[in-house]
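Chain residues, written in single-letter form:
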Amino acid sequence: MTKSFRTLDDVNLKGKRVLLRVDLNVPMENGRVTDATRLERVAPTITEISDKGGKVILLAHFGRPKGRDPKESLKPVADALSKVIKRPVAFAEDCIGEPAAAAVATLKDGDILCLENTRFHKEEEKNDAGFVTELAKLGDIWVNDAFSAAHRAHASTEGLGHKLPAYAGRTMQAELDALGKALEAPTKPVIAIIGGAKVSTKIDLLENLVSKVDALVIGGGMANTFLHAQGVAVGKSLAEKDLAPTALRIMEKANAANCAIILPVDAVVANQFAANAPSHAYGLDAIPADGMILDVGPQSIARIHAAIDDAATLVWNGPLGAFELTPFDRGTVVSAKHAAERTKTKKLISVAGGGDTVAALNQAGVGGDFSYVSTAGGAFLEWMEGKPLPGVEVLKKG
């Protein structure tokens, strides 16, 4: 996959001012980083450029500030990053203009500098040409290591790729390699597990996948919409009943593409949406009128496991039930563990992504056992929908 992209292997970094776009959008509480996962992910690219004598100049956004806001400053994040990479990280009070230029001018080969939040300037999100030019003055090359922001055509995520020689960082490279193996040049058969609450947020995703995969497992609240479309009485379950025609259209498209759609054949039902609410497994012909489907049932889990066993590649996005409530996380957890075991024994390539998905896999204790887990959220979804990502397109070899 990344053969078609320029990577750090294609450039001599020594003495170069490297504008490195990273994802530093980490959770903070009382001025402290509470989860350093994203910092750990970008560490290899930062240290490699530094070790090869490049001057590392970090570009990132933080939060959604409306103009300059001290609460959205990257200064505490830069301090936390310094601890992760065990090297000094200097900080500039702005990402353009005199403060940035002066800080860059003091850099020696191998030094690391973090510029202030790019979104303190409204021109960042507008991909303003003048702002791109100001950023470009600070570097000799641009390296994009923020796949999570690659679906946005902003100045620091896409615009710089038209001004400076552009390369993929190691995190971006790993993501593109994993995604390529999952859907673009996969080992077949390919199965996708798609869950979550609403069909409406994943119509494009489902329509793209049915032409790419051999089997599609649909779970979560989404499955209720498909069951309703087929005439199943789903009681008080979450279902977008107005989207029944859309569900039927997706099933017809899947049939035409020879993609098997795997829907629940039984369900765990409770009378209220609450942890440890009294629940019971029912066949689809016996869902109580006052019941809510909150998880897939045991027969459905067996079918999902069989589908995973038949697959060589698995792509997963979204939980199979109300995984945030015990015991309605069971379908998601046991299926995730099953996929992880197949992955560990080299029988399966497993790629997962999306915020709820990452949380569910971590809850199951198997986040580290999948072949690749993307933390990219929106970019991962848009890639699965088959949409070109501006921050990736600009890295392609011409």
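Cut-offs applied
Residues numbered from 1 in each chain as written. Predicted model: local features only at pLDDT ≥ 70, side-chain atom pairs only at ≥ 80, totals over all residues. Heavy atoms only, no water. Helix = DSSP H or I, 4+ residues; strand = E, 2+ residues; numbered from the N terminus. Polar contact = N/O pair within 3.5 Å; in protein donor to acceptor, adjacent residues only side chain to side chain. Contact = heavy atoms within 4.5 Å. Pairing = 2+ DSSP bridges. Axes fitted to C-alpha atoms, helices over the stretch in contact; angles between N-to-C directions. Domains from an automatic or database assignment. Buried area = accessible area lost by both parts, 1.4 Å probe. Salt bridge = Lys/Arg side-chain N within 4 Å of Asp/Glu carboxyl O. Nonpolar A, V, L, I, M, F, W, Y, C, P; charged D, E, K, R; others polar. UniProt positions renumbered as here; feature names shortened; annotations may be inferred. Buried < 20%, exposed > 50% of the residue type's maximum accessible area, 1.4 Å probe, protein only. Core = buried A, V, L, I, M, F, W, Y, C linked by side-chain atoms within 4.5 Å.

**What to know about the side chain of glutamate 385**
Item 1. Relative to the assigned elements, glutamate 385 resides in the loop between α13 (378-384) and α14 (390-393).
Item 2. There is a polar contact of 2.9 Å between the side chain of glutamate 385 and the side chain of lysine 387.
Item 3. Once you skip the residues sitting within four places of it in the chain, glutamate 385 turns out to touch Thr201, Asp204, Leu205 and Asn208.

**Thoughts on the sheet that holds strand β9 (residues 190-194)**
Item 1. Read from one edge to the other, the open sheet built from six strands follows the order β11-β10-β9-β15-β16-β17, with strand pairing classed as parallel. Looking along the sheet, the strands with just one partner apiece sit at the ends: β11 (260-262) and β17 (372-374). Averaged over all adjacent pairs, the angle separating strand axes in this sheet is 15°, with direction ignored.
Item 2. For strand β16 (residues 349-353) and β17, the ladder comprises three bridges, and the chain directions are parallel. Each bridged residue has a counterpart across the sheet, and for glycine 353 the counterpart in β17 is serine 374.

**Description of the domain arrangement of the protein**
When the parts of a complex come together, some accessible area is lost, and that lost area is often taken as the interface size.
Item 1. For the protein, the domain assignment lists domain 1 (17-170) and domain 2 (186-385).
Item 2. Contacts between the two partners involve six residues from domain 1 and, on the opposite side, ten residues from domain 2.
Item 3. Counting the surface domain 1 buries against domain 2, the share from its top three residues, Arg41, Phe147 and His151, is 74%.
Item 4. Summed over the shared surface of domain 1 and domain 2, the result is zero salt bridges.
Item 5. For the pair domain 1 and domain 2, the interface holds two residue pairs in polar contact (both at pLDDT 80 or more).
Item 6. Taken together, the residues of the side of domain 1 that touches domain 2 sort by class into two nonpolar, two polar and two charged.

**Overview of the UniProt feature "binding site: (2R)-3-phosphoglycerate" (unreviewed entry) in the protein**
Item 1. Per the UniProt record, the feature "binding site: (2R)-3-phosphoglycerate" (unreviewed entry) sits at Arg38, Arg119 and Arg152.
Item 2. Among the structural elements, arginine 38 can be located in helix α1 (residues 37-51).
Item 3. Those residues in contact with arginine 38 that sit more than four places away from it in its chain are Asp23, Asn25, Val26, Ser148 and Thr375.
Item 4. Looking at the secondary structure, you find arginine 152 in the loop between β7 (141-144) and β8 (166-168).
Item 5. By relative accessible area, arginine 152 is classed as partly exposed at 26%.
Item 6. Leave out the neighbours within four places in its chain, and arginine 152 touches Arg64, Arg119, Thr157, Glu158 and Pro390.

**Brief notes about the nonpolar core**
Item 1. Membership of the largest hydrophobic core comes to 74 residues, with the highest contact counts inside it found for Leu115, Phe147, Leu160, Ile194, Leu209, Leu216 and Phe226.
Item 2. The biggest single contributor to this core is helix α6 (residues 170-184), with six residues.
Item 3. Both domain 1 (17-170) and domain 2 (186-385) contribute no fewer than three residues apiece to this core.
Item 4. Setting aside its immediate chain neighbours within four residues, leucine 216 contacts Ala192, Ile194, Leu206, Leu209, Val210, Cys259, Ala260, Ile261 and Ile262.

**A look at the UniProt feature "binding site: substrate" (unreviewed entry) in the protein**
Item 1. UniProt tags Asp23, Leu24, Asn25, Arg38, His61, Phe62, Gly63, Arg64, Arg119 and Arg152 as "binding site: substrate" (unreviewed entry).
Item 2. If you trace the backbone, arginine 119 turns up in the loop between β6 (112-115) and α4 (123-126).
Item 3. Beyond its immediate stretch of four places on either side in the chain, arginine 119 contacts His61, Gly63, Arg64, Pro65, Glu124, Glu125, Arg152 and His154.
Item 4. Within the local environment of arginine 119, its side chain forms a polar contact with the backbone oxygen of glycine 63, the two atoms lying 3.2 Å apart.

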